Each structure stands twice: as structure tokens, then as C-alpha cells.
Amino acid sequence: MTDQTSRELFDRAQQVIPGGVNSPVRAFRAVGGTPRFIAAAEGPYLVDADGNRLVDLVCSWGPMILGHAHPEVLAAVTAAAGRGTSYGAPTQAEIELAELIVERTPVEQVRLVSSGTEATMSVLRLARAATGRDLVVKFAGCYHGHVDALLASAGSGVATLSGLGAEGARRAVDDAALATPSSPGVPGATTAQTIVLPYNDREAVRQAFAEHGDQIACLVTEAAPGNMGVIEPGVEDGEHFNAFLARTCREHGALFVSDEVMTGFRVSRSGQYGVDGVQPDLMTFGKVMGGGFPAAAFGGRTELMQLLSPVGSVYQAGTLSGNPVASAAGATTLRLLDEDVYRQLGHSADTLREAVADAFAAAGLPHVTQSAGSMFSVFFTPADVTAVPDYATAQRQDTVAHAAFFHAMLDAGVYLPPSAYEAWFLSTAHDEQALSTVVEALPAAARAAAAAATAESN
């Protein structure tokens, strides 16, 4: 399998784009080698600039739940684009998309934006205005976009590139610690309003609210984290972690914000809310709801959302918010996502997870797999780790073994996330043939990873 054209394109890109990419994890820094430049995609496959056909387990980092170039989505997009691509004025399409989001989730009103970062930035402003408080609580390893206030112990991309290490992660999540920036250019005064806690650690949450409860505007969490690898919200004494968080926020007059940019309409018809039934005060959405286009949203109870301009005084705006083409793609995607789709995705994910476990066990490769719906992660953990409940544990991964595994799978025609801290995604287009390609590639790739892990330990 050649990558000559991709290498030439990467050389060109680095002359005009920082690092040659427009989002850092695409650069393959964590796994080495040359990023594949994609020329086309259809169904479960990518075709790179060298003509290699790859089974895609990234799915554009989640949005392509129906596979690439789905005919009904393409038809809706083509029709919408034919009427003009942007008006800067209200459209029926954005109403239809908003109605579909409201129908599937507990929010009563939504505001459409263009990215998950915009959604989170806006929801923090709204929460602070609604409560008259400044402090925000987040969890180490959860990523909520590159909002300055939340770039403290952030997930996936930052974890992939930072080389923080397990001990650094533990220092970063010192109980109830006011955060320090995890990126240059973020003012310390900004993150000083953010409290970073270890995920799934109820005692740390209790301590933070005991010390700062009357100053906390909101707690924001990924509904089921996927940006430090997929981490399952824990259950203690029958109470789900999200339910505990919602209850704690209510007791202290803070707002509970659930980030469903990744899980929304992916792990179920109603996202993680459809799994645990915990009702947040505010929610953010993205990825699947855009059908592959730049689109996101935030929403909540009517009385909170009515604080936004032009009704209220909390200012938020966006030239391309509710773009008619993106709205058409998103609405068409959501209409096609019925319960049969989620059953199919669940079956495919189960098949793949079992194949991973078998291949890794046969190679003697320690690992943990964790999932939320059809998105799941493979953690290259030490043998003494049987579950990954938080960021510090995720940081104990063997990234050398992961890199060897990644390239062995790529050579076999399977495109995985080029980071040990990202989720694998499936689509309805991943048929038996596509899944067979993945399953057949796993044993040799697991052996390559085991060999790399052994060589590193020696």
C-alpha cells in the first residue's frame, strides 16, 4: 500500500497550514508516519489520494452514523444547495432541525450554532448569567471544545499531543484544584474560574461543592466521556454518576450541563439521555445532528433559553448558525435514525469488540475495551488494569503498542483513530464485508502491538 501522493500533499500542506493539518490529531504525531489525505468516501470506506480503499472506523470522528455519501442525505443537501447556500436570515430548515432535537431530548428550546466549541462557550455564558456566579466545574480528560476556560486537563487531542503522562495527569486532577491552562495562550485568570476534578470521583465532587458551592455556576461533563477514550459513568448504590451530579448541582443552586456533542443521537435515538434518563438543565449537541456538516446546538428549559438575545440580554450570535444546507443534512440524518438503526449498530459493535478481545487475548496483549452504545475504545493498559474509570488511568496506556497496532491495521486497509485516546465509530454502512476486513486484520495487528510492547519493556 503506497502513500506517495499523501506524502507529497503533506509536504505542500505544511508550507501553508500549521503542521499541515487543520485539526491537530490528524497529523499522526502520536502514531508516526504520514497522514492519509482523503480523496473520496462512500458507505463504510475512505479512498485516499493514492487510491487505497480503507474501512473507516473514524466516521469523521462520529458524525457519519449512516456512512459516507448516504443517498438520501446527499439528495437533501443537493436540493438545499440548489436553492442557495446561505441567507443570513431564518429558514424553515432550521426550525425542522430544532424540532427534531427537541422531540428526542429533554430540552424545550435550542439555539443552533456551527461547532461544538461554540455550543459550549455559549452555554457557559448562559449558565453564568442565569446563576450570577462565575465558577465552572469540569472533569479531567473531558473535552468540550477549545474554549479558553475549559482548556484545562482537556481530553483526546490535548492528551494525544501533550505527553503529560500518568503522574502529570494525577497532579492535574488534584482534588478541587483551581485549574491551570493546558495550552499556551490561555490566560491563567481565565482557567482560574474552572475547577477540575477526577471523573467518576464522587468524593472530589462533594468536596468541591462543599468548599465552593455558592460560587459555582455550573458543572459541565461529557454525558459519557469519549475524549479520553470511552469512559463509562459509574454506578454506586444504584445511583448513576450523572444522576449524582444533577442532584448535587440542584442542592447547591448550580446548573448541570450535559455535553452530548459526541454521544448525542449516537449512543441511542436520544443520546446518553436515552440510556440513563438523567435530565440536565442545559445540553450541547453536535456531530451526528449535522449529518457531516459544521453544525451544533445548545438547549435547555424555556426559562433559561429565553435569557438569550433577542428575547433576553445574554448575547450570542453567528453568521452561519442554522445554515440551510447543514440543517437539511442534519434533519435528514435524524429522521433516518430509528430503533432498527441502533439495534444494527449495537450488533456490529458487539461483533467487533468480541473480535478485538479474542485477537488481543491470543496475542497475550493486555487491554481493556469500554463502550457507550456503538462507540467504543480499546485501551492498551497494563495487565493490572481491568477498567478505566478516569483520565489518570487512561494515561497509563502503552502508546508505543497502540502505534504499532494502528499502522498494522492501516496496512491491512483499516483506518483507525490515530490516537490512543479516541473512540472507534461504526455506521449503518459497515456491512458484513467491511466488518470481515476489520476482523481479519486484527490478529496480525495484535501480534505487532504485542511485539512492540515487549520490545519497549526490554
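Details of the structure are given in the entry above.
These numbers were taken from a predicted model, which means no experiment stands behind them.

Comments concerning the side chain of S122
Within the secondary structure, S122 sits in helix α4 (residues 116-131). With residues up to four places along the chain from it excluded, the contact list for S122 reads F298 and Q316.

With respect to the pattern of salt bridges
All chains considered together, the criterion is met by 14 salt bridges. Between R202 and E239 there is a salt bridge, with the nearest N and O atoms lying 3.4 Å from each other. Taken together, the residues span a long stretch of sequence, with R202 in helix α8 (residues 202-212) and E239 in strand β10 (residues 239-240) at a distance of 37 residues. Residue classification places E239 among the partly exposed residues on the basis of a relative accessible area of 22%. Here R343 ties to D340 by a salt bridge, and the two come within 2.2 Å at their closest N and O atoms. Of this pair, R343 and D340 both sit in helix α13 (residues 339-363), 3 residues apart, roughly one helical turn. Among the charged side chains, a network of salt bridges with common partners joins R202, E236, E239, R247 and E251.

Quick word on the sheet that holds strand β1 (residues 38-42)
The 4 strands are arranged β1-β2-β3-β16 in an open sheet whose pairing can be described as mixed. Only two strands of the sheet have a single neighbouring strand rather than two, namely β1 and β16 (414-415). As paired strands, strand β3 (residues 53-56) and β16 are joined by 2 bridges and run parallel to one another. Within the sheet, the bridge partner assigned to D56 lies in β16 and is Y415.

Description of the pairing of strand β15 (residues 375-379)
Where burial is concerned, most of β15 is hidden: 5 out of the 5 residues are buried. Because side chains alternate across β15, one face comprises the buried residues M375, S377 and F379, and the other comprises F376 and V378, equally buried. Here 5 bridges tie strand β14 (residues 368-372) to β15, and the two strands are oriented antiparallel to one another. Its bridge partner being in β15, T369 is matched across the sheet by V378.

Some words on the packing of aromatic side chains
In this structure the tally under the stated criterion is 12 aromatic pairs. Aromatic side chains F139 and Y199 sit 5.4 Å apart centroid to centroid with 90° between the ring planes, which places their arrangement in the edge-to-face category. You can see F139 sitting in strand β5 (residues 135-139) and its partner Y199 sitting in the loop between β7 (194-197) and α8, a full 60 residues away along the chain. Pair check on accessibility: F139 and Y199 agree, each one buried. Clustering of aromatic rings is evident, with ring pairs tying together F360, F376, F380, F405 and W424. The ring of Y45 carries R53 above its face, with NZ or CZ at 3.6 Å from the centroid. Sitting over the ring of F376, R353 keeps its end group 5.7 Å from the ring centre.

Here's the deal with unusual backbone geometry
Cis geometry is found at the peptide bond from S309 to P310, where omega equals 10°. Within the element layout of this structure, P310 appears in the loop between α11 (302-305) and α12 (324-336). Within the chain, D237 stands out as a residue other than glycine whose phi angle is a positive 50°.

Rules of the game
- Residues numbered from 1 in each chain as written.
- Predicted model: local features only at pLDDT ≥ 70, side-chain atom pairs only at ≥ 80, totals over all residues.
- Heavy atoms only, no water.
- Helix = DSSP H or I, 4+ residues; strand = E, 2+ residues; numbered from the N terminus.
- Contact = heavy atoms within 4.5 Å.
- Salt bridge = Lys/Arg side-chain N within 4 Å of Asp/Glu carboxyl O.
- Buried < 20%, exposed > 50% of the residue type's maximum accessible area, 1.4 Å probe, protein only.
- Pairing = 2+ DSSP bridges.
- Phe/Tyr/Trp six-rings, centres within 6.5 Å; stacked < 30°, edge-to-face > 60°.
- Lys NZ or Arg CZ within 6 Å of the ring centre and 35° of its normal.

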